[in-house]
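Summary of the model geometry
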Amino acid sequence: MTAEDSCEDGVRRAFGRLRSDAHEVDTMAALGEHDPRPARGWNPRVLVGAAAAIIVAVAVVVGIAVWGDDDDADVVAGGDDSGDDVGVAGDGLLAEVTGLTWELESGSGPDGPLELRDTHPVTLMFESGQVSGTAACNSYFGDVTLTDGSITVGGLARTEMACMPLEVMELEQAYLDALAAVERAVLVGGRLVLTGPLVELEFGAREPVPVAELVGTNWLLDTLIEGEVATSVMGEPAMLRLGDDRTFTGGTGCRSFTGRYETEPAGLQITALEAEGECSADLAAQDAHVVSVLDGAVDVEIDGQRLTLTAVGGDGLSYTVSDGDPAPATYSLDDGAVTTFSYDDAGLSL
Amino acid sequence: MAPEHQAVRDLPTFEALFVVEYPKMVALAAAVSGSRSHAEDIAQEAMTRLNRHWSLVQGYDKPGAWLRRVTVNLALSQKRRLVSEARAALRLGARRREPQLAPAPVEDELLWTAVAALPRQQRAVLSLHFLEDLPLEEIADILDISPSTARVHLHRARQTLREQLSPTEVDR
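Residues numbered from 1 in each chain as written. Chains lettered and ligands numbered in written order. Predicted model: local features only at pLDDT ≥ 70, side-chain atom pairs only at ≥ 80, totals over all residues. Heavy atoms only, no water.

**Observations concerning the nonpolar core**
- Ranked by internal contacts, the top residues of the largest apolar core, which has 63 residues, are B:Leu50, B:Leu126 and B:Leu143.
- By residue number, the principal contributor to this core is helix H2 (residues 14-33) of chain B, which donates 12 residues.
- Contacts of B:Leu126, omitting those with residues within four sequence positions, involve A:Phe15, B:Val115, B:Leu118, B:Leu154, B:Ala157 and B:Leu161.
- In terms of nonpolar packing, the next biggest core, distinct from the first, is built from 36 residues, A:Val144, A:Val153, A:Ala180 and B:Leu56 among them. (Core = buried A, V, L, I, M, F, W, Y, C linked by side-chain atoms within 4.5 Å. Buried < 20%, exposed > 50% of the residue type's maximum accessible area, 1.4 Å probe, protein only. Helix = DSSP H or I, 4+ residues; strand = E, 2+ residues; numbered from the N terminus. Contact = heavy atoms within 4.5 Å.)

**Some remarks on the state of the cysteines**
All names here are of chain A.
- One pass over the full model with this rule turns up one disulfide over all chains.
- Here Cys254 is linked by a disulfide to Cys279, with a sulfur-sulfur distance of 2.0 Å. Residues Cys254 and Cys279 are joined by a disulfide whose S-S torsion is about 75 degrees; by sign, that bridge is right-handed. Here Cys279 lies in the loop between strand E16 (267-276) and helix H7 (281-293) and Cys254 lies in the loop between strand E14 (247-251) and strand E15 (256-264), a separation of 25 residues in the sequence.
- For Cys279, a relative accessible area of 28% translates into the label partly exposed. (Disulfide = S-S within 2.5 Å.)

**Quick notes on the pairing of strand E11 (residues 219-226) of chain A**
All names here are of chain A.
- Of all the eight residues making up E11, six are buried; the element is thus mostly covered by neighbouring parts of the structure.
- Strand direction decides the pairing type here: E11 and strand E13 (residues 239-242), joined by two bridges, are antiparallel. In the strand pairing of E13, Leu220 is matched with Met239.
- Direction of pairing for E11 relative to strand E19 (residues 316-321): antiparallel, over a ladder of six bridges. What sits directly across from Thr223, in E19, is Ser318. (Pairing = 2+ DSSP bridges.)

**Some words on the environment of B:Leu118**
Residues and elements named next belong to chain B.
- Looking at the element boundaries, Leu118 is found in the loop between helix H7 (109-116) and helix H8 (120-132).
- By relative accessible area, Leu118 is classed as buried at 3%.
- Taking the C-alpha atoms as reference points, Leu118 and Ala157, separated by 39 residues in sequence, lie 6.8 Å from one another.
- Look past the residues within four positions of Leu118 in its chain and what remains in contact with it is Arg123, Leu126, Ala157, Thr160 and Leu161.

Listed below in structure tokens is the structure:
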């Protein structure tokens, strides 16, 4: 047996002993300490009134979670069940808040301040008697009445995605609990403030970001995506421009290329990619990555000013709209060395 | 019976999952946190959160993966001391059970010291690998990292343990 095998066996045996020790723990006693009722905030609930019943039926059909607590049920019951006149035509506040995306900038609920996370914004929109938005992790929607500064939110439902770290889910729950409890709404200096018992939510209006056009835009590559790892881009500005004649031109950071594309429902089919030029050794891997992604079918996603192309295997390229005077999009340390970064649940790793 | 009725009937109950998973979460919490005395509190807290989110999690393909991720996060979190204290406070009036997980055998102490000194992610990957024999893809899924990253963490953890532990110290 080699030293490596011996070490491996030793580690395996130690973990095995731990596993055996843990099985000696009195599981039934531990289970007995649990309240078998699912806790507040995630129970399927019985909603009151015809409007609430419709919400439940819709939720069952589309596979989303409907939740809340007794307080939520009271809000729904105390609101207008007819569903015909949610919102008030001609109400100045309603007109002011409708059509904008409101982003939560600070908030507190019965359990204290909400710990907001830049990576998981909380948003709120008003439209046709409904509120909707992103609650840190999941999308949500519900009914709203807003009359003369009095607001009632009920029938909240959300999608079922799980997010990590757990604090994101806790923020989501705290926010939705708070939103279900608001009673007053006021606009102060362009900020929307919703308040209720032990609840205050303050939103700012988010400027809408125009969505760039895929064709005819000068795109500047700033990130290479390899599985979970994002890598910064080196070398010359690596551009990409798709023409309306189904050809494209661009660069890898060291070589220039041309090619043809066809639009498909989910993205592009790229053909006839031809690259010319030479790459130094430190740019060869980047060059190979760009060329490999731009070969065959790629998914296209445009989020505002950002374009992400993803190949079948999951590798991708992420571009931003070039302002016409592009600088190399590299991330440099103080000594000028270019670095890469990755992000996982432990945070940002350089 | 219609397929959807079959699916509903086959959903695990919280109690059934608890009985199967609790000892595993105690072991996982002990390995990842490095603390046998806190392991049961961490596992209990993970189970409490599972209970709180049960209506959501029970519909997942792998509720166990969700539970493991929460357990690992709690075990890695510096909040575990606060969790333990909060749970103790909640038990006011109730008799606090003494931890039942036996202390580590003397022959394993050096190994657990070396494991506790590993970087957080390496400890998590190593524990899931050796405790549960999970494939790297599943470990990666639990920890929300790529399989290649999980592979690197496992490789580095093994390398460190090999460097720190002589064969005679672990091969007994």
